[in-house]
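Topology and contacts: notes
As a plain string of letters, each chain reads:
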Amino acid sequence: NKTRTVLCLNDFPYYFEEGIEHWVVWKLGEDVSIGEIEDGKMEILKEAGCSNKEFINDTSVFLHWLNPPELKSIPDVDHIHILFRRLAISRL
């Protein structure tokens, strides 16, 4: 049973105010774990030039959710949406 986890910007982001990035953690073969969500947030922070892991639980910086089954674009591949407000880390 092979699993693979990928973090990427959403190719079809939901509409949000400017400055909010829409990322997705995709996982084939299993459900995305809390640790993988935190790892994804840390990767996003590093990409933004920040290494302060305290931001991963800051709701002014990140928000994440799992869509219910009927709203999943690809039901057989687990995925978590992560919103990132890049400007929030420069203000803190």
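Residues numbered from 1 in each chain as written. Predicted model: local features only at pLDDT ≥ 70, side-chain atom pairs only at ≥ 80, totals over all residues. Heavy atoms only, no water.

Focus: the nonpolar core
If you look at the biggest cluster of nonpolar residues, it comprises 18 residues, and the most contacted ones within it are I44, L45, V61, F62, I82, F84 and I89. Counting only elements with at least two residues in this core, the list comes to β2 (20–28), α1 (34–47), β4 (78–85) and α2 (86–91). A total of 4 residues in this core trace back to one element, the largest contributor, which is α1. Not counting the four nearest positions on each side in its chain, F84 is found in contact with G19, I20, E21, W23, I44, L45, A48, V61, F62 and I89. (Core = buried A, V, L, I, M, F, W, Y, C linked by side-chain atoms within 4.5 Å. Buried < 20%, exposed > 50% of the residue type's maximum accessible area, 1.4 Å probe, protein only. Helix = DSSP H or I, 4+ residues; strand = E, 2+ residues; numbered from the N terminus. Contact = heavy atoms within 4.5 Å.)

A closer look at the pairing of β2
Note: strand β1 (residues 4–9) against β2, 6 bridges, orientation antiparallel. Counterpart to L7 in the pairing with β2 is V25. Two elements, β2 and β4, share 8 bridges in a ladder whose sense is antiparallel. Bridge pairing links V24 to H81 in β4. (Pairing = 2+ DSSP bridges.)

What to know about the sheet that holds β1
Within a sheet, neighbouring strands are paired by backbone hydrogen bonds and run either parallel or antiparallel to one another. Spatial ordering of the open sheet is given by β1-β2-β4-β3, a layout of 4 strands whose pairing is antiparallel. Two strands lie at the open edges of the sheet, namely β1 and β3 (62–65), each paired on one side alone. Each neighbouring strand pair of the sheet contributes to a mean axis angle of 20 degrees, computed without reference to strand direction. The pairing of β3 with β4 spans 4 bridges and is classified as antiparallel. Bridge pairing in β4 places F62 opposite F84. The sheet strands contacting α1 are β1, β2, β3 and β4, and the helix crosses β4 at an angle near 35 degrees. (Axes fitted to C-alpha atoms, helices over the stretch in contact; angles between N-to-C directions.)

Concerning the pattern of salt bridges
Side chains that carry opposite charge are capable of pairing whenever their charged atoms lie near each other. According to the stated counting rule, one finds 6 salt bridges in the structure shown. A salt bridge links E30 to K27, with the nearest nitrogen and oxygen atoms 3.1 Å apart. Relative accessible area serves as the criterion here: at 6%, K27 is assigned to the buried category. Here the salt bridges do not stand alone but share partners, grouping E21, E47 and R86 into one network. (Salt bridge = Lys/Arg side-chain N within 4 Å of Asp/Glu carboxyl O.)

Remarks on the environment of F12
Summarising the element assignment, F12 is placed in the loop between β1 and β2. Residue classification places F12 among the exposed residues on the basis of a relative accessible area of 69%. Sequence separation of F12 and E70 is 58 residues, and the distance between their C-alpha atoms is 18 Å.

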